[in-house]
Amino acid sequence: MTDMALVRLLEECLSGHWQSSVTIDNVKQLTGGAASQTTAFDAWAEGKLQPLILRCGDDEHQFENALTKPTEASLLELVYQQGLPVPEVIAHIPASDVSGAGFVMRRLAGEALPKRILTDARFATARELLAGQCGAVLASLHNIDPRRAAMLESVSVEDDVLRYRERYREFGQCLPVFDLAFRYLLDTPPTPRQAAIVHGDFRNGNILVDEQGLSGVLDWELAHIGNPIEDLGWLCVNSWRFGRVDKAVGGFGDKRALLETYNRGRDTDVSEQELAYWEVFGVLKWGVICLYQSAIHLQGKQRSVERAVIGRRLSECEADLIRLLKEH
Amino acid sequence: MAIEHPNAEQLLEAVSEFLKQSILPAVDAPALSYQLRVAINGLGIVGRELSAGGNQQRGEQALLAEFLGQRGELVTLREQLRSHIEGSDAPYRDPALLEMLQKISDAKLAIDNPKYQPVRLSSAGIR
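Cut-offs applied
- Residues numbered from 1 in each chain as written.
- Chains lettered and ligands numbered in written order.
- Predicted model: local features only at pLDDT ≥ 70, side-chain atom pairs only at ≥ 80, totals over all residues.
- Heavy atoms only, no water.
- Helix = DSSP H or I, 4+ residues; strand = E, 2+ residues; numbered from the N terminus.
- Rg over C-alpha atoms; globule rule 2.2 N^0.38 Å.
- Buried < 20%, exposed > 50% of the residue type's maximum accessible area, 1.4 Å probe, protein only.
- Contact = heavy atoms within 4.5 Å.
- Areas by Shrake-Rupley, 256 points an atom, 1.4 Å probe, with all protein chains shown as cover.
- Lys, Arg positive; Asp, Glu negative; His and termini not counted.
- Charge placed at Lys NZ, Arg CZ, Asp CG, Glu CD.
- 1 Å grid on protein atoms, 1.4 Å probe; cavity = no way out; pocket = protein on both sides within 12 Å on 5 of 7 lines; lining within 4 Å.
- Points joined across faces, edges and corners; volume = space filled by probe spheres on them.
- Disulfide = S-S within 2.5 Å.
- Buried area = accessible area lost by both parts, 1.4 Å probe.
- Salt bridge = Lys/Arg side-chain N within 4 Å of Asp/Glu carboxyl O.
- Domains from an automatic or database assignment.
- Polar contact = N/O pair within 3.5 Å; in protein donor to acceptor, adjacent residues only side chain to side chain.
- Core = buried A, V, L, I, M, F, W, Y, C linked by side-chain atoms within 4.5 Å.
- Axes fitted to C-alpha atoms, helices over the stretch in contact; angles between N-to-C directions.
- Parallel < 35°, antiparallel > 145°, perpendicular 65-115°, else oblique.
- Left-handed = near helix turned anticlockwise from the far one by under 90°.
- Nonpolar A, V, L, I, M, F, W, Y, C, P; charged D, E, K, R; others polar.

Asks: Explain the overall build of chain A here, please?
Replies: Secondary structure assignment for chain A yields eleven helices and nine strands. Radius of gyration (C-alpha) of chain A: 20 Å, near the 20 Å computed for a compact globule of 328 residues. Seen through its C-alpha atoms, chain A measures out along the principal axes to roughly 65 × 45 × 40 Å. Counting all 328 residues of chain A, 57% fall into the buried class. For chain A, restricting intrachain contacts to residue pairs at least 6 apart in sequence, the fraction spanning at least 24 positions comes to 65%. Carbon together with sulfur atoms contributes 47% to the accessible area of chain A, which is approximately 13400 Å² in total. Side chains of chain A give 35 positive and 46 negative charges; the mean places of these two sets differ by 4 Å.

Here it is in structure tokens:
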């Protein structure tokens, strides 16, 4: 897509939103390939500079079951109305010659790079607060009546485990540690919990952080309806600790702080033991994503050194899985 | 006779050093610089795999053969271990199986990412 055509499209869509002429500036593509883009830009409207993000198109190589952009937008609108710290959706962008279907949302301030969140001195106070804040935000998300999120698919734990195992087996790579962990997940089902909206990718890397802590929750493409404790286990997966292995929650906090605010926010009693099941689930999910990413490269669908090298991260998943299984 | 000056590891090291010292500082675009670091990391894995000279695979084969009580090709033994896992009662509670898998895993990790720190055992435990 050309910058000029995109600018004209955005100006047209946003003029409708603000009921006045809008000028677009500072267009900067953040991520994306041929099919899907995340673009940062500024709009002059109502006499001030409005920092915005455009998300459009759907990545054909996105991990399975990812939401389409219009579905992601309607989910964002729902959770925004419920007071969660997510960007406000400003406009829906229809599919056209210029771009795939998408939406424009406000660009929230905050740092998203895990390394900076974990090392910058200015986030020292934030790091102390983050685990508890994550627990509170997840509690608010999981307290939303899932019937309001009719746009999302509902999956049982067993079906989800079986689906991930099927994906794993399709890649044709025999990893006995994975077989063992899948067997564990199927044999020892977790404490049943009432179905809720699960973010699906709530981790260090998909949150925005400022000096006061959590300021935004991003990347809702893997959202679904299911057992909500999946979100807590995923947040504790070792890969998202970025080397700070003793800080189980995203490399910044501990499980006790996460569970304390979560349980208080939902009047529930999730224990570290219950969390452990979901940590195994999370590591396996990450392992299947690694397999998937390297397969995209190896099968020639999208050649990329990054996708190739990620295949070797399976060893990290295996090392974590064995240790988690040894704990019982 | 094999070409030995420089050998594969030394040649790889030279390419890796060149990318790290001469190209990386010259790349401004953050996305490209990130990809380059990933690529250099990939060369590191190749280097360690070359140095291991097949020791990891031979070690895995020996451990699997000992555990299963039979000889065979590595791929066959892995499949047999999968069948063993499928066919046993609560295999994830078998300390001998877990110990063996951890030895195999540690050797793979030493090649793929020796700096990686796996999760540590906590007091909480899985039921």
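Asks: Explain the layout of surface pockets here, please?
Replies: To find leftover empty space, a probe the size of one water molecule is rolled over the atoms. Its volume calculated, the second largest pocket comes out at about 540 Å³. Taken together, 23 residues form the lining of the second largest pocket, with Gln173(A), Gly311(A), Arg312(A), Leu314(A) and Lys108(B) sitting closest to its centre. Secondary-structure elements contributing two or more residues to the lining of the second largest pocket are helix 9 (272–298) and helix 11 (314–326) of chain A together with helix 3 (55–68), helix 4 (74–87) and helix 5 (95–112) of chain B.

Asks: What's the story with the side chain of Glu316(A) in this structure? I'm lost.
Replies: Position of Glu316(A) relative to the elements: it lies in helix 11. Leave out the neighbours within four places in its chain, and Glu316(A) touches Ser239(A), Leu109(B), Asn113(B) and Tyr116(B).

Asks: What exactly am I supposed to notice about the state of the cysteines here?
Replies: Simply put, the disulfide is a covalent bond whose two ends are the sulfur atoms of two cysteines. All names here are of chain A. The tally for this structure, following the rule as stated, stands at zero disulfides over all chains. A disulfide-free cysteine, Cys13 has its sulfur positioned 11 Å from the sulfur of Cys56, the nearest such atom. Cys236 provides the cysteine sulfur closest to Cys134, a residue in no disulfide bond, and the two sulfurs are 9.5 Å apart. Taking the relative accessible area as the measure of exposure, Cys134 reaches 0% and is therefore buried.

Asks: How do you make sense of the interface of chain B and chain A when you look at a structure like this?
Replies: A common way to express how large an interface is: the accessible area buried when the components associate. Residue-level contacts link 43 residues of chain B with 44 residues of chain A. For the pair chain B and chain A, the two sides together bury roughly 4200 Å², of which 57% comes from carbon and sulfur. If you look at where chain B meets chain A, you find eight salt bridges. In this structure, Lys326(A) and Glu99(B) form a salt bridge, with 2.8 Å as the shortest nitrogen-oxygen distance.

Asks: Teacher, can you tell me more about the domain arrangement of chain A here?
Replies: Residues and elements named next belong to chain A. Examined at the domain level, chain A breaks down into domain 1 (3–106) and domain 2 (114–326). Once you take the C-alpha centre of each, domain 1 and domain 2 turn out to be 26 Å apart. If you look at the interface, domain 1 gives 22 residues, while domain 2 gives 29 residues. There are two salt bridges connecting domain 1 and domain 2. Put simply, Arg55 and Asp219 hold a salt bridge, and the shortest N to O gap is 3.8 Å. There are three residue pairs in polar contact (both at pLDDT 80 or more) connecting domain 1 and domain 2. No other element matches helix 2 (residues 69–81), which puts eight residues into the side of domain 1 that touches domain 2.

Asks: I tried to follow the nonpolar core on my own but got confused; where do I start?
Replies: Side chains that are nonpolar tend, in soluble globular proteins, to be buried together. All names here are of chain A. One finds Leu75, Phe178 and Trp220 to be the most contacted residues of the largest nonpolar core, which totals 97 residues. Beyond its immediate chain neighbours, meaning those up to four positions away, Leu75 contacts Leu67, Met151, Leu152, Ile197, Trp220 and Ala223. Counting 19 residues, the second-largest nonpolar core is a separate cluster that includes Leu14, Leu52, Leu54 and Ala91.

Asks: What should I look at first to understand the packing of helix 11 of chain A against helix 5 of chain B in this one?
Replies: When two helices pack together, you describe them by how their axes are tilted relative to each other and by the distance separating the axes. Contact geometry of helix 11 of chain A with helix 5 of chain B gives a least axis separation of 9 Å together with a crossing angle of 150 degrees. Comparing the axis directions of helix 11 of chain A and helix 5 of chain B gives the class roughly antiparallel. For helix 11 of chain A against helix 5 of chain B, the interelement crossing comes out left-handed. Residues Ser315(A), Glu316(A), Glu318(A), Ala319(A), Ile322(A), Arg323(A), Leu325(A) and Lys326(A) of helix 11 of chain A touch helix 5 of chain B, and the partners they reach there are Leu98(B), Glu99(B), Leu101(B), Gln102(B), Ser105(B), Asp106(B), Lys108(B), Leu109(B) and Asp112(B). Here the residues of the contact of helix 11 of chain A with helix 5 of chain B are counted per class, giving six nonpolar, three polar and eight charged.

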